[in-house]
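Now for the letters of each chain:
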Amino acid sequence: MSEGISEAHPRRINCVLICGGVWHDMDFARLELLKLLGEDPAIRTRVFEDYENIAAIEAADILITYTCDVTPSLAAQEALKGWLERGGRWYALHGTNSVLRLLSDGPNAGLWDAPRWAPLFMDLLGSQFISHPPIAPYLVEVADPRHPLVAGVEPFETTDELYHLETHGDLHVLLDTACTEPGTGFVEADGAPGRHPVFYIKDHGRGAVLYLTLGHCRGHYDLQPMLDWWPSVDRCAWDLPVFYDLLRRGLGWLKEPLAA
């Protein structure tokens, strides 16, 4: 063994980060997530914009996704299902659960639809995005204060997209929020009022998905070609220390089985 290398050393952790899609500042989100992953030198990360490198996913120990309107092929969905059942852990962020189509004709022309085109994918994630009200402050509350992922976290206010979700299966909800007004610009906007999960776990075989809906971000150029220039740079929950705390706790959760 080379001089200076201990016999006891952390095992390499193979990570896949999928960050891509539309209407968000993917450059910002990608960089912030890579910086967090870089805090652990044992994590070696491959980065993709979609799910189609199935071999990379199947070889990964952990998976992190920050996407908007990126739907895996059926082959990739089936690979994700098998990977989870074998013990994979997946931290899914913000718009990972979105399928969006802007309708151009009919009674809902000009509204965004959330077509149910990927039922297996949404079942894996535990939810599908349906709509959100206008970005405005709302209170995130702790649903299970005894769980290590949120122990010690106090209720907090954030200005972000409040996700109206269609949920799938048995979810262990850690954080949630109350929505008091309809979504805006979406076909199913009227279904938004009520309580919605913000942070939850869904188990699959020996693996699990951890989902956090917070984390909208947008820069000046991110609505092209629909809009040439967005007037503000939006960071939403990324401006809050508690959001980075939740991200770091989630990364710790991803690695838990690997330390056994």
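(A) Expanded view of the sheet that holds strand 11 (residues 172–179). On the basis of which strands lie adjacent, the open sheet formed by nine strands has the order 2-1-3-4-13-12-11-8-9 and mixed pairing. Of all the strands in the sheet, the pair left with one neighbour each is strand 2 (43–48) and strand 9 (156–160). Strand-to-strand, the axes of this sheet are offset by a mean angle of 25 degrees, without reference to chain direction.

(B) Layout of the pairing of strand 11. Alignment of strand 8 (residues 136–142) against strand 11, held across three bridges, turns out to be antiparallel. Following the sheet pairing, Glu141 is matched in strand 11 by Asp176.

(C) Quick peek at the nonpolar core. Grouped together as the largest cluster of nonpolar side chains are 53 residues, with contacts concentrated most on Ile64, Tyr66, Tyr91, Phe199, Leu212, Trp238 and Leu247. When residues of this core are assigned to their parent elements, the largest contribution, seven residues, is made by helix 5 (residues 241–255). Apart from the residues within four sequence positions on either side, Tyr91 is in contact with Leu63, Ile64, Thr65, Phe199, Leu210, Leu212, Leu246, Leu247, Gly250, Leu251 and Leu254. In terms of nonpolar packing, the next biggest core, distinct from the first, is built from 25 residues, Leu63, Trp90, Leu125 and Leu171 among them.

(D) Representation of the side chain of Asn97. Relative to the elements of secondary structure, Asn97 occurs in the loop between strand 4 (89–93) and strand 5 (101–102). When residues no more than four places from it in sequence are discounted, the contact partners of Asn97 are Met122, Leu125, Ser127, Gln128, Phe129, Tyr163, Leu165 and Tyr211.

Definitions and cut-offs
Residues numbered from 1 in each chain as written. Predicted model: local features only at pLDDT ≥ 70, side-chain atom pairs only at ≥ 80, totals over all residues. Heavy atoms only, no water. Pairing = 2+ DSSP bridges. Helix = DSSP H or I, 4+ residues; strand = E, 2+ residues; numbered from the N terminus. Axes fitted to C-alpha atoms, helices over the stretch in contact; angles between N-to-C directions. Core = buried A, V, L, I, M, F, W, Y, C linked by side-chain atoms within 4.5 Å. Buried < 20%, exposed > 50% of the residue type's maximum accessible area, 1.4 Å probe, protein only. Contact = heavy atoms within 4.5 Å.

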